[in-house]
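# Structural features, examined
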Amino acid sequence: MDKLILIDGNNIIYRAFFAMPPLTNTAGQQTNAVYGFTTMLLRLIEEHKPTHMIVAFDAGKVTFRHEGYEDYKGGRQKTPPELSEQFPLLKDLLRNLGVPQFEIGNYEADDIIGTISRQADEAGRQVMIVSGDKDMLQLASEHTTVALIRKGVTEVELYGPEQIREKYDLTPEQIIDLKGLMGDASDNIPGVPGVGEKTALKLLHQFGSVEGVLAGTGELKGKMKEKLEAHAEDAVMSKKLATIYREVPLEHSWEDMIFNGISADTAGPALAKLEFKSLLERLSLSAYAPVADGEEGAAEVEAATLDISIVSEDELEALNEALPSISALHVESNGDNPHRAEVIGVGLSTLERHYYVPFELLQKPAAAKLRDWLGDEKAPKSGYDLHRADLALHWQGIAFAGAAHDVQLAAYLLDPTEANQNLNDLATKYGLPRLSPDEDVFGKGAKYKIPELEILGNHVARKSAAVLGIAQKQQQELIETAMTGLFEDLEMPLSRILADMEKQGIAVNEGDLKELGKEFEAQISKLVTEIYEICGTEFNLNSPKQLGEILFVKLGLPVVKKTKTGYSTDAEVLEKLAPYHDVVRLILQYRTIAKLQSTYVEGLLKEISPKTGKVHTFYRQTIAATGRLSSQFPNLQNIPIRLEEGRKIRKVFVPSEPGWSILAADYSQIELRVLAHISGDERMKEAFLHDMDIHTKTAMDVFGVTADQVDSNMRRAAKAVNFGIVYGISDYGLSQNLNIPRKEAAQFIEQYFEVYQGVRRYMDDIVVDARKHGYVTTLLERRRYLPEINAKNFNLRSFAERTAMNTPIQGTAADIIKLAMVHMDKALFERGLKSRMLLQVHDELVFEVPEDEMELMKTLLPEVMGGALQLSVPLKAEVSFGSNWYEAK
DNA sequence: GCAATCACG
DNA sequence: ACGTACGTGATTGCG
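Residues numbered from 1 in each chain as written. Chains lettered and ligands numbered in written order. Predicted model: local features only at pLDDT ≥ 70, side-chain atom pairs only at ≥ 80, totals over all residues. Heavy atoms only, no water.

Turning our attention to the overall build of chain A. If you tally the helices and strands in chain A, you get 37 helices and 23 strands. Its C-alpha atoms give chain A principal-axis dimensions of about 110 × 70 × 65 Å. Within chain A, the proportion of its 889 residues that are buried is 54%. Expressed as a percentage of contacts within chain A between residues at least 6 apart in sequence, the contacts between residues at least 24 apart total 67%. Surface summary for chain A: the accessible area is close to 40,100 Å², and the carbon and sulfur share equals 49%. Computing the positive centroid from 98 side-chain charges and the negative centroid from 131, chain A places the two 4 Å apart. (Helix = DSSP H or I, 4+ residues; strand = E, 2+ residues; numbered from the N terminus. Buried < 20%, exposed > 50% of the residue type's maximum accessible area, 1.4 Å probe, protein only. Contact = heavy atoms within 4.5 Å. Areas by Shrake-Rupley, 256 points an atom, 1.4 Å probe, with all protein chains shown as cover. Lys, Arg positive; Asp, Glu negative; His and termini not counted. Charge placed at Lys NZ, Arg CZ, Asp CG, Glu CD.)

Structure (structure tokens):
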């Protein structure tokens, strides 16, 4: 008996591409989609032994369907180049496997399949159609079975008219009506808005077809009736779009579809060329295998056998049983701001099996055990960016605890300059099976789109699988680099504390902030009017280009500095120009107020959560190369303080409960104290042991005067030198900062080093050290690599040298405040205090404190901060408090 | 998406 | 002779 298999080529290769990790052959050509397609094909041949077979492909870009509806398939992402490149490989391989391929101008693969299946039907031949597209179900008939692929590409579900009736209680023809009503986002078929599968099925069971439904709207009521009547045309058009065309002018005959089995002498070399060793073995063609290269083959096998299940509600019980052995997870969420993220789903991995749980399922009552496990701190979990996962889940009402190993955080410690490697980067780095890039699966930017469940689930489950392997390798590396303690006892505990602080948020008085905005607005409009009047023209004050034109061309002011693109108009330049023209002062004022308005009033207002009335920043623990935190959405580490106008912004940061106060404590001169400790400079240590004003002391030592002889200018200069020292000093930098000649700056530095010889020795030694090892470390063994320390290019090398001097100082200070945060969190917990840590600003911690804890906190906080780490000089933290952040100064 | 500017430590 | 201070993030304009 003849048996024909019709394969939807485009659909299958597309799914294979996303279901498979991105295998490449030794030539660097990606082959994963071809591999996936071929495994499926071989399985079909083995199981169904077809006598005839074709693979149908879409031809060209425009199909006749576009003529009726130009948005058809408009929502679809562009095919990634890694996939398009594999089409020729597949076509070539199919030829060598002896599988006929059809491609007909202006028709899609499903039209070809529809036409052949109609002809075969009429001739009474047995047909099987293979696709991942449910639309194909409309072609099922007495002789025609539709095999829908699921779970990657190797498993299929067979549908005849009987099975369709069981599942949907519809005939194959009614599948078209179903899609006409519900639409299909991936093909941009609109359907009727608000009608999904359930509603569509109900309507069809009642009325039989789209036409029947539209004629029968009289029997319906409410919203449903309105929607159907309003979108009647859409429904009719959608049905038309969903109908597979079965009258393609085919010139092929039955004989053109004959499949005679795979012939070794063409298939062998073709498979060998693609380096599909496991497939050669399967076909007993190993003789054709290329010279062995163990790794590639191993990766291929591993990738092919990854055991992934996309969990449905009735499979939750099995998952619950596996929970104790699950050690890795990946929470897939969207967007940059985790406080606003939507959770898409969760991948879960044991060593052997991998699961994907869609978020909708996770929310159902049936998933209670899984949610308990997620929130169980005794269930240790590895993951990527667990801090983000924690927040995203939190705002959906799901608790997260038990973070044991965050691979993103570990990767940051292992190399903080290798900015935020994603899971695919890390998998590649450790020689693990690679993942599809997120961009390929989701699209990027405005094109972000969640793919269908099969693709999504495979991708996310592969991520949790990758976490397992990565965590293992990292643990070894952390031991080798002596950072296990830093990781387990500092950074991992801190990530949970940060999440707590962010969830808590800080209250902002919205009314006061808006008031402040009005004041700024009035000042701005006054300044703008004056500036335009003086300049005699209106222009965009915010455009440095237009401003430069006015200042340097129209008003003829001297050009002080240039940027890459034109005149520089920054504050430093404007200060120098101020004596020449009155308008410059006004422009400086405008800049100040406009900055406050746009960034701090408007910017902050946008970030107030409607849910909590607070702002919830997001601290990033894996950004700064020195070990510092950074803060985003909004950045609460750069709220103005230096100028009084801006400092007022701090008044709107208030306690979130009545009767509470803001308590803040900041380290006094932490970086110079750290420098005194690590350099061991006796004179500098002396200054801190006696708790002297370090800048005055420096002025005394450098200028050789007594304390009462130090004037404000001398202190200012000394302060600048101290800053310069911390930054990795250069005479040029200091000369710029103090606005003095370079020679003079060089003299200052020389005098400084004469007195602080221990500091000079440290600066020299640390650079030598960096050259020798290629990295520098902090007191807690945090590491930063400086590959450019040996560069021939003077600039690059100098930069690396300054970094070598600065990073141990800035980084140790970061270590210390992080330690203080962990200790403080513990102290609050153990004493059962209600006070809450809210913010960290590099050397400052901000709390909100109830009245009855104030006295205690005022001593506890500086004690804990001062005692965070034992140095050869005391660490000092100064507290202050008030009814808002401004008052706590 | 980058450059310029400016807020913080 | 070389040409810059160390570490961040947000806003705006512009090609």
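Moving on, we come to the confidence of the model for chain A. Fine structural detail should not be taken from predicted coordinates in areas where pLDDT scores are low. When pLDDT is averaged across chain A, the result is 90; 95% of the residues are at 70 or more. The low-confidence segment residues 292–302, where pLDDT is below 50, has 18 contacts with residues more than four positions distant or belonging to other chains. (pLDDT = per-residue confidence, 0-100.)

A few words on the sheet that holds strand β23 (residues 877–882). What holds strands together in a sheet is hydrogen bonding between their backbones, with the strands either parallel or antiparallel. Spatially, 4 strands are ordered β21-β22-β18-β23 in an open sheet, and the strand pairing comes out antiparallel. Edge positions in the open sheet fall to β21 (836–840) and β23, since each of these has one partner strand only. Adjacent strand axes in the sheet meet at a mean angle of 25° when their direction is disregarded. Inspection of the sheet shows strand β18 (residues 661–667) paired to strand β22 (residues 844–849) by 6 bridges, in the antiparallel sense. Bridge pairing in β22 links Ala664 to Val846. Contacts between helix α37 (residues 854–866) and the sheet are confined to β18, β22 and β23, with β18 contributing the most and set at about 20° to the helix. (Pairing = 2+ DSSP bridges. Axes fitted to C-alpha atoms, helices over the stretch in contact; angles between N-to-C directions.)

Attention now moves to the layout of surface pockets. By volume, the second largest pocket amounts to about 1,800 Å³. What lines the second largest pocket is a set of 47 residues, and nearest its centre among them are Ile641, Arg642, Arg650, Phe723 and Asp843. Residue assignment for the lining of the second largest pocket shows that the elements contributing at least two residues are α26 (571–577), α27 (582–607), α28 (644–647), β18, α29 (670–679), α32 (712–727), α36 (794–830) and β23. Examining the composition of the lining of the second largest pocket, we find that 6 residues originate from one element, α27, more than from any other. Within the lining of the second largest pocket, the residues separate by chemical class into 22 nonpolar, 11 polar and 14 charged. Inspection of the lining of the second largest pocket shows a minimum of three residues originating in each of domain 3 (505–614 + 622–653) and domain 4 (670–775 + 785–808). (1 Å grid on protein atoms, 1.4 Å probe; cavity = no way out; pocket = protein on both sides within 12 Å on 5 of 7 lines; lining within 4 Å. Points joined across faces, edges and corners; volume = space filled by probe spheres on them. Nonpolar A, V, L, I, M, F, W, Y, C, P; charged D, E, K, R; others polar. Domains from an automatic or database assignment.)

What follows covers the nonpolar core. By size, the foremost hydrophobic cluster in this structure holds 150 residues, and its most contacted members are Phe653, Tyr667 and Phe847. Setting aside its immediate chain neighbours within four residues, Phe653 contacts Ile506, Ala507, Val508, Leu604, Val615, Leu636, Ile639, Ile662, Asn884 and Trp885. Leu41, Val99, Val441 and Phe442 belong to the second-largest nonpolar core, a separate cluster that totals 53 residues. (Core = buried A, V, L, I, M, F, W, Y, C linked by side-chain atoms within 4.5 Å.)

As a matter of local geometry, DNA strand C sits amid 35 residues, with Ser543, Ser630, Asn635, Arg784 and Phe799 nearest to it. Within 4 Å of the protein, the contacting atoms of DNA strand C are drawn from sugar and phosphate to the extent of 60%. Between DNA strand C and Lys545, the relevant distance is 3.2 Å, taken from a phosphate oxygen to a side-chain nitrogen or oxygen of the residue. Residue Asn795 places a side-chain N or O atom 3.5 Å away from a sugar or linking oxygen belonging to DNA strand C. Listing elements by their share of the surface near DNA strand C, those giving two or more residues are α25 (544–554), α27, β16 (630–632), α32, α33 (731–738) and α36. Among the elements that line the surface near DNA strand C, the one with the most residues is α36, at 6 residues. Of the residues in the surface near DNA strand C, the class split is 10 nonpolar, 19 polar and 6 charged. (Near = heavy atom within 4 Å. Polar contact = N/O pair within 3.5 Å; in protein donor to acceptor, adjacent residues only side chain to side chain.)

For the rest of this paragraph, the subject is the packing of helix α18 (residues 386–394) against helix α23 (residues 484–504). Relative orientation of the contacting elements α18 and α23 amounts to 35°, with a least axis distance of 9 Å. Where α18 crosses over α23, the handedness of that crossing is right-handed. For the pair α18 and α23, the contacting residues are His387, Asp390, Leu391 and His394 in the first and Ser495, Leu498, Ala499, Glu502 and Lys503 in the second. Its residues assigned to classes, the contact of α18 with α23 comprises 3 nonpolar, 3 polar and 3 charged. (Left-handed = near helix turned anticlockwise from the far one by under 90°.)

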